[in-house]
Structure formats: structure tokens, C-alpha cells
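Report on the structure
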Amino acid sequence: MTTRRAVLGGLILAAATAGAWWAWLSWESGWIVDPETGAAGGPYAVRQVAAAVLTLVALAVAGGWWLNTWLVASVMTVAFTVPWAAHAAAGDDSGLWAIGAALVAIGTAIGATVVAGGTGWLRRRAA
């Protein structure tokens, strides 16, 4: 893979990944309290998270097909975690956003590595 392809692909992947966060998770559906049980849920609806995950999987597949697995995993992890953390930090006085950001980063890194790595393996095997 050429350096030019890696840089351009990484920039496009970063923009698309940050765009996925913006499209699905930048708006919160709010905390919902069940009146019968008192259980709180939120701030995201299940459909928001599911759509974000499916979008990230699609991006990792595309990235894994055209780019190096480690590039895909690192770019997607940073490009998704940074806007998530900035948004969470702005609305959290407790400091717990940092734990959430670490969990988002770990989950994104693992998911992107597995999906992009599997896609790259399938591409090489098919060739």
C-alpha cells in the first residue's frame, strides 16, 4: 500500500467515522425513567446505538478491504472516541465521562480490529 493511499484512505475513514458519531449519537434521546419500576435508561435509544454500530461495522469492512488493519483500527478508535468524549465531558460534572470514553475506545479498537482484520484476511484469501 502506498503512503498516499494510506493517508487519503485514513483521512476519509476518519471523517466518515466522526460523521457516524455525529449522525447517530450527537443527539441524545434523553434519560427515560420507567414510572412503574423507577429504572432509568438512556441517554441513547437502542436504535441509535444499533445504527452507530452497524455504520462502524460497514466502515471497518470497507477500511479493512482497502487499508491496513492497524491503520483502520487506530483511525476509527480516535475518530469515534474523541467526539464522543468531548460531548460527554461537556455535560458531565462527575468526571465519569472519562471511564465511558475509555470503554468506548476499547470497544471501538477491538471491534475495528476484528472486523477490518477479518475483512483483510478474506480479501487476501479470495485473491
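In case you missed it, the structure is sitting above this.
Before going into details, it helps to say that this report is about the structure given with it. (Residues numbered from 1 in each chain as written. Predicted model: local features only at pLDDT ≥ 70, side-chain atom pairs only at ≥ 80, totals over all residues. Heavy atoms only, no water.)

Here's the deal with the overall build of the chain
Put simply, the test is: For helices the rule is a DSSP run of H or I covering at least 4 residues; for strands it is a run of E covering at least 2, with both sets numbered from the N terminus onward. Exposure classes here rest on a 1.4 Å probe applied to the protein chains alone. A residue is buried below 20% of its type maximum, exposed above 50%, and partly exposed in between. Whether two residues are in contact is decided by their heavy atoms, any of which lying within 4.5 Å being enough. Residue burial considers only the protein chains on display, and all accessible areas are found by Shrake-Rupley using a 1.4 Å probe.
A tally of regular secondary structure across the chain gives four helices and two strands. Burial analysis of the chain (127 residues in total) assigns 31% to the buried set. Intrachain contacts of the chain at a sequence separation of at least 6 include 64% that bridge at least 24 residues. About 7800 Å² of surface is accessible on the chain, with carbon and sulfur atoms providing 72% of the total.

Observations regarding a nonpolar patch on the surface
To keep it simple, the criterion reads: Residues forming no salt bridge and having over 30% relative accessible area are the ones grouped into patches, like charges within 9 Å of each other and nonpolar side chains (Val, Leu, Ile, Met, Phe, Trp, Tyr) within 5 Å. Within this document, salt bridges are pairs made up of a side-chain nitrogen of Lys or Arg and a carboxyl oxygen of Asp or Glu, the two lying within 4 Å of each other.
On the surface, Leu96, Ile99, Leu103, Ile106, Ile110 and Val114 cluster together to form a nonpolar patch covering roughly 620 Å² of accessible area. Here Leu96 is to be found in the loop between helix 3 (69-90) and helix 4 (97-126). Looking at Leu96, the relative accessible area reads 54%, which means it is exposed.

Overview of the packing of aromatic side chains
What counts is decided by this rule: For Phe, Tyr and Trp, where Trp contributes only its six-membered ring, two rings pair if their centres lie within 6.5 Å, and the inter-plane angle classes them as stacked under 30 degrees, edge-to-face over 60, or tilted in between. Charge-over-ring placement is defined geometrically: NZ (Lys) or CZ (Arg) within 6 Å of the ring centre, and within 35 degrees of the ring normal.
Taken as a whole and assessed by the stated rule, the structure comprises zero aromatic pairs. Directly above the ring of Trp65 sits Arg123, whose terminal nitrogen or CZ lies 5.8 Å from the centroid.

Some details on the packing of helix 1 (residues 3-25) against helix 3
Helix packing for two helices is described by the angle between their axes and how far apart those axes are. Quick note on the threshold: Helix axes use the C-alpha atoms of the stretch in contact, all axes being lines fitted to C-alpha atoms, and the angles between their N-to-C directions lie in the range 0 to 180 degrees. Crossings are assigned a handedness: left-handed for a near helix turned anticlockwise from the far helix by less than a right angle, right-handed for a clockwise turn. Amino acids are sorted into nonpolar (Ala, Val, Leu, Ile, Met, Phe, Trp, Tyr, Cys and Pro), charged (Asp, Glu, Lys and Arg) and polar (every other residue, Gly among them).
It is at 9 Å that the axes of helix 1 and helix 3 come closest, and there the two elements cross at 35 degrees. Where helix 1 crosses over helix 3, the handedness of that crossing is right-handed. Where helix 1 abuts helix 3, its residues Ala6, Gly10, Leu13, Ala14, Thr17, Ala18, Trp21 and Leu25 lie against Leu71, Val72, Val75, Met76, Ala79, Phe80, Pro83, Trp84 and His87. The residue makeup of the contact of helix 1 with helix 3, split by class, is 14 nonpolar, three polar and no charged.

Description of the nonpolar core
Worth spelling out the cut-off: Only buried residues count toward a nonpolar core, which is a set of Ala, Val, Leu, Ile, Met, Phe, Trp, Tyr and Cys residues joined through side-chain atoms within 4.5 Å.
Counting residues in each nonpolar core, the largest one holds 21 residues, and the members touching the most others are Leu13, Leu56, Leu59, Val72, Met76, Phe80 and Trp84. Where this core is concerned, the elements lending two or more residues are helix 1, helix 2 (46-66), helix 3 and helix 4. Per-element tally for this core: the top contributor is helix 3, with eight residues. With sequence-adjacent residues up to four places away left out, Met76 is seen in contact with Leu13, Thr17, Leu56, Leu59, Ala60, Thr108 and Ala112.

Section: helix 2
An α-helix turns once every 3.6 residues. As a result, residues three or four positions apart point the same way. Quick note on the threshold: What a helix is expected to span follows from its residue count: subtract one and scale by 1.5 Å.
Here helix 2 contains 21 residues, and its C-alpha end-to-end distance of 30 Å stays within 8% of the 30 Å for a straight helix at 1.5 Å per residue. Lining the buried residues of helix 2 we find helix 1, helix 3 and helix 4.

With respect to the packing of helix 3 against helix 4
Quick reminder of the rule: Note on angle classes: values under 35 degrees are labelled roughly parallel, values over 145 roughly antiparallel, values of 65 to 115 roughly perpendicular, and the remainder oblique.
Interaxial distance between helix 3 and helix 4 falls to 8 Å at its minimum, and their mutual angle equals 155 degrees. As far as their axial angle goes, helix 4 and helix 3 are roughly antiparallel. The handedness of the crossing between helix 3 and helix 4 is right-handed. Each of Thr69, Trp70, Val72, Ala73, Met76, Thr77, Phe80, Thr81, Trp84, Ala85, Ala88 and Ala89 in helix 3 lies in contact with helix 4, whose residues at this interface are Trp97, Gly100, Ala101, Val104, Ala105, Thr108, Ala109, Ala112, Thr113, Ala116 and Gly117. Split by residue class, the contact of helix 3 with helix 4 holds 16 nonpolar, seven polar and no charged.

Focus: the side chain of Thr17
Topologically, Thr17 is positioned in helix 1. When residues no more than four places from it in sequence are discounted, the contact partners of Thr17 are Leu56, Leu59, Met76, Ala79 and Phe80.

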